[in-house]
Amino acid sequence: MEPILKVDHVEKYYGKKGTITKAIDHISFEVEKGDFIGVMGPSGSGKTTLLNCVSTIDNVSTGSIVINGKDITRMKADVLDAFRREELGFIFQDFNLLDTLTAYENIALALTIQKRSFVEIKTLVETVAKKLEIREVLNKFPYEMSGGQKQRVAAARAIITEPSLILADEPTGALDSKSARMLLESFEKLNKEMKATILMVTHDAFTASYAERILFIKDGKIFNELVRGENSRKEFFNRIMEVVTLLGGDVNRVL
């Protein structure tokens, strides 16, 4: 079976001649359907640049990125816009909900653009809202919701069109510990029950421990990889911390 995401010898340079910075240095990896992948690394390691390239926000300098069999590095702008809408779901640290729309309307917007029927939209929204435990806020506006509720609404919005790949950028960064745990448990449900494929960038080892596989990036390269396997989440967290210890320095600085 072809992987959902294939990153092949990707490089990304910034700057001009004489002041060139290599943000990504020959990175290659694959993500299979149903995977939940975490990406970690020090500040400036290239993890955010990598996510930006996969999400089509930025362009690679060399190499290729193939999503669901389509090479996004060769797409023209108009085709890329349509591809982004249809194939990718996004979850941001700052929620990015539309303040003038209710939770229901925020989640349903992409389906409305696709001209789905009212009945289909209602069924899909209620189904995902039940899984993420946000039915009680569907008629509320973002200012009436907690940070955790807003982020779960954002997760529902990301999954509602059944995209090939969900990209999460520091999704727990603006949340308290209780809200973060609820969101991460929601991610597990999306991954296990709805077979959502998730690529998540995080600096936080606790957040990363909910993933099934972790890619550690340093100086633009993948320098380590952990697979959870049969480990409990706590055991996986301890393994993540062992990598941090090998890197040296305090956790907050390294991750």
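The model shown is predicted, which means the values in this text are computed figures rather than measured ones.

Cut-offs used in this document
- Every chain begins its residue count from 1, and numbering advances along the sequence as written.
- The predicted nature of this model means local features are confined to residues of pLDDT at least 70 and side-chain atom pairs, given and counted, to a pLDDT of 80 or more, with totals for whole chains, interfaces and linings taken over all residues.
- For side-chain calculations, the full set of non-hydrogen atoms in the structure is used, while hydrogens and water are omitted.
- Secondary structure elements follow DSSP: runs of H or I of four or more residues count as helices, runs of E of two or more count as strands, with numbering from the N terminus.
- What the globule rule says is 2.2 Å times the number of residues to the power 0.38, and the radius of gyration is computed from C-alpha atoms.
- Think of it in three bands: with a 1.4 Å probe and only protein chains considered, a residue is buried below 20% of the maximum accessible area for its type, exposed above 50%, and partly exposed in between.
- What makes two residues a contact is simply this: any of their non-hydrogen atoms within 4.5 Å.
- Each accessible area is a Shrake-Rupley result for a 1.4 Å probe, and residues are judged covered by the shown protein chains and nothing else.
- Charge convention: Lys and Arg are scored as positive, Asp and Glu as negative, and His as well as the terminal groups of each chain are ignored.
- Charge positions come from single atoms, namely NZ of Lys, CZ of Arg, CG of Asp or CD of Glu.
- Whether two aromatic rings pair depends on their centres lying within 6.5 Å, for rings of Phe, Tyr and Trp, where Trp uses its six-membered ring; planes under 30 degrees apart make the pair stacked, over 60 edge-to-face, and the rest tilted.
- Working definition of a nonpolar core: buried Ala, Val, Leu, Ile, Met, Phe, Trp, Tyr and Cys residues. They are joined through side-chain atoms within 4.5 Å.
- In this analysis, the protein atoms alone were mapped onto a 1 Å grid. Cavities are point sets where a 1.4 Å probe fits without being able to get out; pockets are open sets with protein on both sides within 12 Å along at least five of seven lines; lining residues have an atom within 4 Å of a point.
- Grid points are joined across faces, edges and corners, and a volume is the space filled by probe spheres set on the points.
- Residues were grouped as follows: Ala, Val, Leu, Ile, Met, Phe, Trp, Tyr, Cys and Pro as nonpolar; Asp, Glu, Lys and Arg as charged; and all remaining residues, including Gly, as polar.
- Patch criteria: residues need more than 30% relative accessible area and no salt bridge. Like-charged residues are merged within 9 Å; nonpolar side chains of Val, Leu, Ile, Met, Phe, Trp and Tyr are merged within 5 Å.
- The salt bridge criterion pairs a side-chain nitrogen of Lys or Arg with a carboxyl oxygen of Asp or Glu, the two atoms within 4 Å.
- We define a polar contact as two N or O atoms separated by no more than 3.5 Å, with the added condition that, inside protein, one atom must be a possible hydrogen donor and the other a possible acceptor, whereas residues neighbouring each other in sequence contribute only through side-chain atom pairs.
- UniProt positions are given in the numbering used here, feature names are shortened, and annotations may be inferred rather than shown by experiment.
- In this description, strands pair whenever DSSP reports at least two bridges between them.

Our next topic: the overall build of the protein chain. Scanning the protein chain from N- to C-terminus turns up 9 helices and 10 strands. Scaling as 2.2 N^0.38, a compact globule of 255 residues should have a C-alpha radius of gyration of about 18 Å, and the protein chain matches this with 18 Å. When each of the 255 residues of the protein chain is scored for burial, the buried share is 49%. Across the protein chain, the fraction of contacts at a sequence separation of at least 24, relative to all contacts at a separation of at least 6, is 66%. Entry remark: accessible area of the protein chain is about 12,700 Å², with carbon and sulfur atoms responsible for 50%. The centroid of the 35 positive side-chain charges in the protein chain is displaced by 1 Å from the centroid of its 36 negative side-chain charges.

What follows concerns the packing of aromatic side chains. By convention here, two paired aromatic rings are described through the distance between centres and the angle between planes. Here the structure, examined in full by the defined rule, presents 5 aromatic pairs. Relative to Tyr 143, the ring of Phe 141 has its centre 6.3 Å away and its plane inclined at 10 degrees; by these criteria the two rings are stacked. A relative accessible area of 67% means that Tyr 143 is categorised as exposed. Taken together, a centroid distance of 6.1 Å and an interplanar angle of 50 degrees make the contact between Phe 216 and Phe 223 tilted. Look at Phe 223 and you get partly exposed, because its relative accessible area is 31%.

Before going further, it helps to spend a moment on the nonpolar core. In this structure, Ile 107, Ile 134, Val 153, Phe 187, Ile 214 and Ile 240 are the most contacted members of the largest nonpolar core, which totals 47 residues. It is helix α5 (residues 147-159) that provides the largest number of residues to this core, a total of 6 residues.

Quantified by volume, the largest pocket comes out at close to 450 Å³. Lining the largest pocket are 18 residues; nearest its centre among them are Arg 85, Leu 88, Phe 90, Ala 110 and Arg 157. Those elements that provide at least two residues to the lining of the largest pocket are α2 (77-87), β6 (88-91), α3 (103-113) and α5. When the residues that make up the lining of the largest pocket are grouped by side-chain class, the tally is 8 nonpolar, 5 polar and 5 charged. Reported here for the second largest pocket is a volume of approximately 160 Å³. Looking at the lining of the second largest pocket residue by residue, the classes come out as 5 nonpolar, 2 polar and 3 charged.

On the surface, Leu 98, Leu 109 and Ile 113 cluster together to form a nonpolar patch covering roughly 260 Å² of accessible area. Looking at the secondary structure, you find Leu 109 in helix α3.

Looking now at the side chain of Lys 47. Examined against the element boundaries, Lys 47 turns out to sit in helix α1 (residues 47-54). This buried residue, Lys 47, is left without a salt bridge; Glu 170 holds the nearest opposite charge, at 5.0 Å. A distance of 3.0 Å separates a polar side-chain atom of Lys 47 from the backbone oxygen of Gly 41. The residues touching Lys 47, leaving out its near neighbours within four places in the chain, are Val 39, Met 40, Gly 41, Pro 42, Glu 170, Val 201, Thr 202 and Ile 217.

All right, on to α1 then. Burial runs high along α1: 6 of the 8 residues are buried. For α1, every residue scored as buried is listed here: Lys 47, Thr 49, Leu 50, Leu 51, Cys 53 and Val 54. Thr 56 sits one or two residues past α1 and shows a positive phi near 75 degrees.

The sites that carry the UniProt feature "domain: ABC transporter" (unreviewed entry) are, in the present numbering, residues 5-244. From the first C-alpha to the last, residues 5-244 spans 27 Å; its make-up is 38% helix and 25% strand.

Moving on: the pairing of β6. As a general feature of sheets, a regular strand has side chains that alternate between the two faces. Every second residue of β6 is oriented toward a common face, with Leu 88 and Phe 90 on one face and Gly 89 and Ile 91 on the other, all of them buried. Two strands pair when backbone bridges link them, and β6 and strand β7 (residues 165-169) are joined in this way by 4 bridges, in the parallel orientation. Directly across from Leu 88, in β7, lies its bridge partner Leu 165.

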